[in-house]
Amino acid sequence: MGSPKLTSTPLAALRVAQHQIPAYNRIPNTSIQHKPLLHYHSAFLPSDIAKDTNIASAIESHLQSVGVVDPQWRYTMYSTTHFHSTTHELLCIARGGARLCFGGEENPGRVELSVRGGDVILVPAGVGHRLLEEEDDGDGFEMVGSYPKGCSWDMCYGKTGEEAKVEGIRRLGWFERDPVYGDQGPALDV
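In the annotation of an unreviewed UniProt entry, the entry for the chain reads Cupin type-1 domain-containing protein, and the organism field reads Apiospora saccharicola.

Shown next as structure tokens:
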């Protein structure tokens with residue numbers, strides 16, 4: 001049995017939140033490239049998401065058809081603040097819900113988001129992120145994590161010794177096509 005086909009929310013109806021997050025301690029957040037954290041609310045229509053066990057496969061198929069990112073894992077989010085210095089990250093919520101923290105939990109400029117199945121988060125390189133809590137709907141919280149084609153992710157924690165990695169974020173390119181919508185979309189409007 002194949003994956004169900006996903007229906008993307010039409011761009012004209014898509015609600016997108018943009019967040020600039022100041023650097024905090026050794027977590028650069030959006031201060032280097034000034035590209036915002038993007039939250040695509042219900043990018044995939046809720047009727048497609050509801051209790052479908054193949055939704056992660058459908059998200060992966062959709063992303064592969066757009067051709068901007070490679071889906072690399074299915075998992076929840078680590079509960080320790082971390083960031084990536086080698087790539088931007090696309091997180092597609094496949095099921096369940098959670099509260100996530102971006103920017104470092106002690107950062108007064110942090111952003112806490114409640115996400116649910118169908119939401120998409122585009123996390124620029126350098127933005128610290130962690131799971132605060134899963135929302136218990138009995139279904140579990142699962143995301144599809146993806147990265148721009150040809151990119152490999154690393155793990156940084158805002159510790160001494162990561163300065164050269166952080167500096168490398170300046171050289172990373174941004175998206176020429178939106179990873180969910182292709183030739184148009186929120187990633188191209190920042």
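Now, onward.
(A) Structural detail: the environment of arginine 95. In this structure, arginine 95 sits in strand E4 (residues 89-95). For the pair formed by arginine 95 and glycine 126, sequence separation is 31 residues and the distance between their alpha carbons is 26 Å. Contacts of arginine 95, omitting those with residues within four sequence positions, involve Gly117, Asp139, Gly140, Phe141 and Glu142.

(B) Examining unusual backbone geometry more closely. A positive phi angle is found at asparagine 25, which is not glycine, with a value near 50 degrees. With respect to the helices and strands, the residue asparagine 25 is situated in the loop between strand E1 (15-19) and strand E2 (37-41). The phi dihedral of histidine 34 is positive, around 60 degrees, even though this residue is not glycine. Within the secondary structure, histidine 34 sits in the loop between E1 and E2. For histidine 34, a relative accessible area of 52% gives the class exposed.

(C) How the structure looks around the pattern of salt bridges. Inspection of every chain in the model, using the stated rule, returns nine salt bridges. Of the charged contacts in the structure, one is a salt bridge between glutamate 60 and arginine 74, with a shortest N-O distance of 2.8 Å. Here glutamate 60 is found in helix H2 (residues 55-66), whereas its partner arginine 74 is found in strand E3 (residues 69-75), with 14 residues between them in sequence. Overall, arginine 74 belongs to the partly exposed group, its relative accessible area being 39%. Arginine 177 is paired through a salt bridge with aspartate 183; the nearest N and O atoms lie 2.9 Å apart. It is possible to trace a salt-bridge network through shared partners that takes in Arg99, Arg110, Glu112 and Glu133.

(D) Quick look at the environment of arginine 74. Spatially, the C-alpha atom of arginine 74 lies 9.3 Å from that of serine 146, the residues being 72 residues apart in sequence. Each residue touching arginine 74, except ones within four places of it in the same chain, is listed here: Ala56, Ser57, Glu60, Glu142, Met143 and Val144. Separated by 2.9 Å, the side chains of arginine 74 and serine 57 make a polar contact. Side chain to side chain, arginine 74 and glutamate 60 meet in a polar contact 2.8 Å long.

(E) Region of interest: the nonpolar core. In terms of nonpolar packing, the biggest core is built from 25 residues, with Tyr40, Ile59, Leu90, Cys92, Val120, Leu122 and Val180 touching the most fellow members. Of all the secondary structure elements, the ones that give two or more residues to this core are E2, H2, E4 and strand E7 (120-123). Examining the composition of this core, we find that six residues originate from one element, H2, more than from any other. Formed by 19 residues, the second largest nonpolar core is a distinct cluster that contains Leu91, Ala98, Phe141 and Met143.

About the cut-offs
Residues numbered from 1 in each chain as written. Predicted model: local features only at pLDDT ≥ 70, side-chain atom pairs only at ≥ 80, totals over all residues. Heavy atoms only, no water. Helix = DSSP H or I, 4+ residues; strand = E, 2+ residues; numbered from the N terminus. Contact = heavy atoms within 4.5 Å. Buried < 20%, exposed > 50% of the residue type's maximum accessible area, 1.4 Å probe, protein only. Salt bridge = Lys/Arg side-chain N within 4 Å of Asp/Glu carboxyl O. Polar contact = N/O pair within 3.5 Å; in protein donor to acceptor, adjacent residues only side chain to side chain. Core = buried A, V, L, I, M, F, W, Y, C linked by side-chain atoms within 4.5 Å.

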